[in-house]
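# Topology and contacts: notes
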Amino acid sequence: MAFSSGNSGGPMSDINVTPLVDVMLVLLIIFMITAPMLSHKIKIDLPQPNPNIVNPENPPDPVRLQIRQDGSLYWNDTPVDELGLKAQIAVIAQQSNQPELQIDADDAVQYEVVARVLSDAKGQGLTKIGFVNN
């Protein structure tokens, strides 16, 4: 209820917030109902710790594999072709204490190149693979 101060002909200077509050309450109720429906559950089989495996005192230095935008490969900053990469992966996969393969792929590299590298690493039996984000 607004009281006028005697000026009945001029515009009102107060803002009516009742419609705004009504709209905000309706939106709040809509979001409260729809938010739980938007969460999707993904089942992931996480690895379980094995108490029989002892972690080594000095793990080997990780191997850094760069994949540049044009698809060229660099093994610890040394250029390598695809056959050389497979040979290098086979060598480190045969070690009892495998170093981690850290893949540093350029943002614009085609996914096919990265997928081929991952497939080669998995096919050779490499178990420690990580991604580096620069």
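All residue numbers refer to position in the chain's written sequence, counted from 1. Two thresholds apply to this predicted model, a pLDDT of at least 70 for residue-level local features and 80 or more for giving and counting side-chain atom pairs, whereas whole-chain, interface and lining totals are computed over all residues. Think of the side-chain values as coming from all heavy atoms in the structure, minus any hydrogens and water.

### Observations concerning the nonpolar core
Cut-off, in case you're wondering: We define a nonpolar core as any set of buried Ala, Val, Leu, Ile, Met, Phe, Trp, Tyr and Cys residues linked to one another through side-chain atoms lying within 4.5 Å. Only protein chains enter the area calculation, which uses a 1.4 Å probe; residues under 20% of their type maximum are buried, those over 50% are exposed, and those in between are partly exposed. Note on conventions: DSSP H or I runs of at least 4 residues are helices, E runs of at least 2 residues are strands, and numbering of each starts at the N terminus. We call two residues contacting when some pair of their heavy atoms lies within 4.5 Å.
Grouped together as the largest cluster of nonpolar side chains are 18 residues, with contacts concentrated most on Leu65, Ile67, Trp75 and Leu101. Secondary-structure elements contributing two or more residues to this core are strand S1 (63-67), strand S2 (73-75), helix H2 (82-93), strand S4 (101-105) and helix H3 (111-124). Setting aside anything within four residues of it in sequence, one finds Leu101 in contact with Val63, Leu65, Trp75, Ala121, Leu126, Lys128, Ile129 and Gly130.

### Focus on the pairing of S1
What counts here: Two strands are said to pair when DSSP picks up at least two bridges between them.
Of all the five residues making up S1, four are buried; the element is thus mostly covered by neighbouring parts of the structure. Two elements, S1 and S4, share five bridges in a ladder whose sense is parallel. Paired with Ile67 across the bridge in S4 is Ala105. As paired elements, S1 and S2 share three bridges and run antiparallel to each other. Across the sheet, residue Ile67 finds its bridge partner in S2, namely Leu73.

### A short note on the sheet that holds strand S5 (residues 129-131)
The condition that has to hold: A fitted line through C-alpha atoms serves as each axis, taken over the contacting stretch for helices, and the angle formed by two N-to-C directions is quoted from 0 to 180°.
Reading across the sheet, the five strands line up as S3-S2-S1-S4-S5 and stay open at both edges, with mixed pairing between neighbours. Where the open sheet ends on each side, the last strands, each with one partner, are strand S3 (78-80) and S5. Here the strands of the sheet are splayed against their neighbours by 30° on average, with no regard to which way each runs. Strands in contact with H2 are S1, S2 and S3; relative to S2, the strand with the most contacts, it is inclined by about 35°.

### Re the packing of H2 against H3
Rules: Less than a right angle of anticlockwise turn of the near helix away from the far helix marks a crossing as left-handed, whereas a clockwise turn marks it as right-handed. For this scheme, ten residues count as nonpolar: Ala, Val, Leu, Ile, Met, Phe, Trp, Tyr, Cys and Pro. Four count as charged, namely Asp, Glu, Lys and Arg, and the remainder, Gly too, count as polar.
For the pair H2 and H3, interaxial distance at closest approach is 9 Å and the crossing angle is 35°. H2 and H3 meet at a crossing whose hand is right-handed. Contacts between H2 and H3 pair Glu82, Leu85, Lys86, Ile89, Ala90 and Ala93 from the former with Arg116, Val117, Asp120, Ala121 and Gln124 from the latter. In the contact of H2 with H3, the residues fall into six nonpolar, one polar and four charged.

### With respect to the UniProt feature "transmembrane region" (unreviewed entry) in the chain
How we decide: UniProt positions are given in the numbering used here, feature names are shortened, and annotations may be inferred rather than shown by experiment.
With numbering matched to this structure, UniProt assigns "transmembrane region" (unreviewed entry) to residues 20-38. Taken end to end, residues 20-38 is 100% helix and 0% strand, and its two terminal C-alpha atoms sit 26 Å from one another.

### A word on the side chain of Asp104
Test applied: Between N or O atoms, a polar contact is any pair within 3.5 Å; within protein, one atom must be a potential hydrogen donor and the other a potential acceptor, and residues adjacent in sequence are included only when both atoms are from side chains.
By secondary structure assignment, the location of Asp104 is in strand S4. For Asp104, a relative accessible area of 10% corresponds to the buried category. In this structure the side chain of Asp104 is engaged in a polar contact, spanning 2.9 Å, whose partner is the side chain of Arg64.

### Remarks on the pattern of salt bridges
Here is the rule: For salt bridges, the criterion is a side-chain nitrogen of Lys or Arg within 4 Å of an Asp or Glu carboxyl oxygen.
Following the criterion strictly, the structure yields three salt bridges and no others. Among the salt bridges present, the one from Glu82 reaches Arg116, with a minimum N-O distance of 3.4 Å. Of this pair, Glu82 sits in helix H2 while Arg116 sits in helix H3, placing them 34 residues apart in sequence. Each of the salt bridges in this network shares a partner with another, and the network as a whole consists of Glu82, Glu112 and Arg116.

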